[in-house]
Structures are given as C-alpha cells and as structure tokens.
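Residue strings, one per chain:
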Amino acid sequence: METPTKSNKVHIGRKISRIREIRGIKQDFLAIELGVSQQTISKIEQSQEVEDAMLEKIAKVLGVTKEAIYQFSDDAVINYFNTFNDNSFNNGAYNAFNCNFNPIEKLMEALDANKELYERLLASEREKNELLKNK
C-alpha cells in the first residue's frame, strides 16, 4: 500500500460516498442517523479528511469499521464481485435458483391441492342445495 503524499492523499469523503452508495444508503438517511443536515453529509463527502469521532459514527451507520473506510477501493470491490463463480444461468431453469426440488412439480402439487379443495367446496354446496330443496 502506498503512503499518501501531498499529491496522492487519500480522499476519505469520496470513500464514504462510495460505501454509502454501495450499501444503498441515501445522504438523508445518514444525516438523520448522525443528527446532522443533509448538507453536512454532502460537505463531509467532499472533504479530503474527516475527524476521527465523526468517521467512527459514520462507519457505525454504514455498518463498516473506520479502518474499512480507510482501506476501501473501487478496484477491491470489483475484484471481490468478480470472484463469484455463479454458473446458475448456464444450468437451465431447474438450477437457476439453486433449488433442491423441481419447481414445476411443486406447482403441480399446488394445483392438485387447489383442485381437491374446489371439489370439496362444490360437494358442500351441492349438499346445502339438497338440504334446502328438501325443506
């Protein structure tokens, strides 16, 4: 890891912004959780440096550690997601969602159960009609 120099200084605000975006958190939510305005969050994200106390609070809301914010890089995130070996779409519909059962069979079972319920309901209605006719 390179040590930051004057021209290569780590921009903590941008890292906070990227982590927030990846986590799907809006500036408004972060602001509410920290008890500050959305404009304050915007200024923090534009700042090259952030106070340790504020960075700790931000890290907690984002669900990461302060060190994770310092170590964050877009390249690491891309490499992380590129390591997944998801072949589900190559295995056809049966394994598309890593099912250990056949979804078509389950659907047919549900249809059969619905058919049985319908037939019982129909028989019950017929009995009611017969009772009403006999009265």
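How each quantity is defined
Residues numbered from 1 in each chain as written. Predicted model: local features only at pLDDT ≥ 70, side-chain atom pairs only at ≥ 80, totals over all residues. Heavy atoms only, no water. Helix = DSSP H or I, 4+ residues; strand = E, 2+ residues; numbered from the N terminus. Buried < 20%, exposed > 50% of the residue type's maximum accessible area, 1.4 Å probe, protein only. Contact = heavy atoms within 4.5 Å. Areas by Shrake-Rupley, 256 points an atom, 1.4 Å probe, with all protein chains shown as cover. Core = buried A, V, L, I, M, F, W, Y, C linked by side-chain atoms within 4.5 Å. Salt bridge = Lys/Arg side-chain N within 4 Å of Asp/Glu carboxyl O. pLDDT = per-residue confidence, 0-100.

### Details of the overall build of the chain
- In terms of regular secondary structure, the chain is built from 7 helices and 0 strands.
- The buried share of the chain, taken over its 135 residues, is 20%.
- Long-range pairs, those at least 24 residues apart, make up 60% of the contacts in the chain between residues at least 6 apart in sequence.
- Here the chain displays about 10,900 Å² of accessible surface, and carbon together with sulfur accounts for 52% of that area.

### A short note on the environment of Ser37
- Within the fold, Ser37 resides in the loop between α2 (27-34) and α3 (38-46).
- Along the sequence, Ser37 and Gln27 sit 10 residues apart, while their C-alpha atoms lie 9.0 Å from each other.

### Comments concerning the environment of Gly13
- The topology assignment puts Gly13 in helix α1 (residues 12-22).
- It is 9.7 Å that separates the C-alpha atoms of Gly13 and Leu55, two residues lying 42 residues apart in sequence.

### Describing the nonpolar core
- Ile16, Ile44, Val50, Ile58, Leu62 and Ile69 are the most contacted members of the largest nonpolar core, which has 17 residues in total.
- Put simply, the parts of the chain that give this core at least two residues each are α1, α2, α3 and α4 (52-62).
- Every residue in contact with Val50, bar those within four places of it in the chain, is listed here: Ile12, Ile16, Ile44 and Leu55.

### Topic: the pattern of salt bridges
- With the rule as written, the count across this model stands at 6 salt bridges.
- A salt bridge links Glu45 to Arg20; the nearest nitrogen and oxygen atoms lie 2.6 Å apart. Of this pair, Glu45 sits in helix α3 while Arg20 sits in helix α1; the two residues are 25 residues apart in sequence, bridging distant segments of the chain.
- Exposure remark for Glu45: the relative accessible area of 8% places this residue in the buried category.
- Where Lys66 meets Asp52, a salt bridge forms, and the shortest distance between an N and an O atom there is 3.9 Å. With Lys66 in helix α5 (residues 66-71) and Asp52 in helix α4, the pair connects residues that are 14 residues apart, well separated along the chain.
- A residue is classified by how much of its surface remains accessible, and Lys66, at 16% relative accessible area, is buried.
- One network of salt bridges, with partners in common, ties together Asp52, Glu56 and Lys66.

### With respect to the confidence of the model for the chain
- Residues at a pLDDT of 70 or more form 76% of the chain, whose mean pLDDT is 80.
- Looking across the chain, the model is least confident in helix α6 (residues 74-82), with a mean pLDDT of 67, and most confident in α3, with 92.
- Predicted confidence is poor over residues 1-7, with pLDDT under 50, and the contacts of this stretch with residues over four places away or in other chains come to 5 contacts.

### Some details on α1
- Taken residue by residue, α1 has Ile12, Gly13, Lys15, Ile16, Ser17, Ile19 and Arg20 as its buried positions.
- Close packing links the buried residues of α1 with α2, α3, α4 and α5.
- Following α1 by one or two positions, Gly24 adopts a phi angle in the positive range, close to 75°.

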